[in-house]
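Reading the structure
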Amino acid sequence: MLSFEWTVHQDMYVRTFLRGKGISRRLLARIKYHGGEVLLNDEPRYVGTQAVVGDRIKVLIPDEGKQEEIEGLPGPLDILFEDDHYLAVNKPAYYTSIPSFHNPQGSMANILKAYYQAQNYDNQVIHVVTRLDRDTSGVMLFAKHQFAHSLLDQSLRQGGIDKRYWAFTPDPLQPKDQGFIEAAIGRKPGSIIERRVDPDGKPALTEYQLLRETAAGYLYGVRLHTGRTHQIRVHFAHAGAPLYGDSLYGGEMAAGLDRQALHCRSLSFDHPLTGDHLQIIAPLADELSDWQTRYFEAQEKECENGR
């Protein structure tokens, strides 16, 4: 059972204090009806009790159990960070984030469930904080319990998680060196997958900076200021620079690359339960790193030899 304790710095009801700490009504209900407890100065109290300055409020959150609907299946799991509350992995390409109708088992959620089972964790419910497309590699973040998920999900909605990507393109953006792409994104009519720039869609803002230029193309560092589905892919294609390997949005299929050349390089955020600032960095996936070396550098040498 998870335990969290705070000291009251202003007179208020226990319920109000806990809501200010991010404990939702739903979580309070689970605490009340599933074996948890709210303590005021180590004594059980109703959340309608008045607390005063100097009081200690403690919550005991019941374990979540095993989440039987997700099957644990062993697979590649490169753990970048883990504590009692969060876990980040370097997701390989070709795995979905969560099970789907067409892919009920080959997901990172299935792989993580197998890891939880092997570790015999009390909480084995999978809480996805940040998702990645099937063919995008890089940092993917999970919460290890409902309270941690709620806190970081709120931070995500408020822009408190800094997400950075690497994107490879054959053509430059304009302006080439750095800039912003601001264009609303909506679902493409007739498709459940594809998105497009649509004035009636949801606002989307992408920031980019040129990191490397070669004869074969461009490597851009990308920061997302919003989190729309396929945002980088749609914005880059709209700006005339679709990603290498992104056939859905008109990207060039470079030799040896069978997925979009997109990698979530890092996530940065303030840990909501410890206050530590975390920066989690994912090395470039092997197949993308090998392709970059083989294709980019080969093209560069070819151009040099042709001078």
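About the thresholds
Residues numbered from 1 in each chain as written. Predicted model: local features only at pLDDT ≥ 70, side-chain atom pairs only at ≥ 80, totals over all residues. Heavy atoms only, no water. UniProt positions renumbered as here; feature names shortened; annotations may be inferred. Buried < 20%, exposed > 50% of the residue type's maximum accessible area, 1.4 Å probe, protein only. Helix = DSSP H or I, 4+ residues; strand = E, 2+ residues; numbered from the N terminus. Arc of directions from axis to C-beta. Contact = heavy atoms within 4.5 Å. Pairing = 2+ DSSP bridges. Phe/Tyr/Trp six-rings, centres within 6.5 Å; stacked < 30°, edge-to-face > 60°. Patch = residues over 30% accessible without salt bridge, like charges linked within 9 Å, V, L, I, M, F, W, Y side chains within 5 Å. Areas by Shrake-Rupley, 256 points an atom, 1.4 Å probe, with all protein chains shown as cover. Salt bridge = Lys/Arg side-chain N within 4 Å of Asp/Glu carboxyl O. Core = buried A, V, L, I, M, F, W, Y, C linked by side-chain atoms within 4.5 Å. Domains from an automatic or database assignment.

Under the annotation held in an unreviewed UniProt entry, the protein carries the name Pseudouridine synthase and is attributed to Aerococcus sanguinicola. Annotation of the protein in UniProt includes, under Sequence similarities (unreviewed entry), the sentence "Belongs to the pseudouridine synthase RluA family." Of the comments in the UniProt record for the protein, the one headed Function (unreviewed entry) reads "Responsible for synthesis of pseudouridine from uracil."

**Some remarks on helix 2 (residues 25–33)**
The set of residues buried in helix 2 consists of Leu27, Leu28, Arg30 and Ile31. Angularly, the buried residues of helix 2 cover 160 degrees about the axis, an arc narrow enough to put them on a single face. Turned more than 90 degrees from where helix 2 packs its buried face, Arg25, Arg26, Lys32 and Tyr33 sit exposed. In this fold, the buried residues of helix 2 make contact with helix 1 (14–20), strand 3 (37–40), strand 6 (56–61) and helix 4 (146–157). In the segment just after helix 2, Gly35 is the residue with positive phi, at about 95 degrees.

**Things to note about the sheet that holds strand 1 (residues 2–7)**
Spatially, 1-6-3-4 is the arrangement adopted by the four strands of the open sheet, whose pairing is antiparallel. Each edge of the open sheet is held by one strand with a lone partner, namely strand 1 and strand 4 (43–44). As defined by bridge partners, strand 3 adjoins strand 4 across two bridges and the pair is classed as antiparallel. Across the sheet, Leu39 pairs through a bridge with Pro44, a residue of strand 4.

**Observations concerning the packing of aromatic side chains**
Applying the stated criterion across every chain yields a total of 12 aromatic pairs. Ring geometry for Phe4 and Phe147: centres 5.2 Å apart, planes at 75 degrees, overall edge-to-face. With Phe4 in strand 1 and Phe147 in helix 4, this pair connects stretches of sequence that are 143 residues apart. Classification of Phe4 by relative accessible area gives buried; the value is 10%. On the basis of an interplanar angle of 65 degrees and a centroid distance of 6.2 Å, the ring pair of Trp6 and Phe17 is categorised as edge-to-face. Here the residue Trp6 occupies a position in strand 1, and Phe17 occupies one in helix 1, the gap between them amounting to 11 residues. Each member of the pair, Trp6 as well as Phe17, is classed as buried. Three or more aromatic residues joined by ring pairs make a cluster, and in this case those are Phe4, Trp6, Phe17 and Phe147.

**Here's the deal with a nonpolar patch on the surface**
Taken together, Ile192, Ile193 and Leu248 make up a surface patch of nonpolar side chains, about 300 Å² in accessible area. Note on placement: Ile192 falls in the loop between strand 13 (185–187) and strand 14 (195–197).

**Quick look at the nonpolar core**
As a rule of thumb, soluble globular proteins bury nonpolar side chains together. Leu18, Ile23, Phe142 and Phe236 are the most contacted members of the largest nonpolar core, which totals 63 residues. It is helix 3 (residues 108–119) that provides the largest number of residues to this core, a total of six residues. Three or more residues apiece are contributed to this core by two domains, here domain 1 (2–61) and domain 2 (78–296). Ignoring any residue separated from it by four or fewer positions in sequence, one finds Ile23 in contact with Trp6, Leu18, Leu28, Ile31, Val59 and Phe147. Membership of the second largest hydrophobic core comes to 12 residues, among which are Ala216, Leu284, Leu288 and Trp291.

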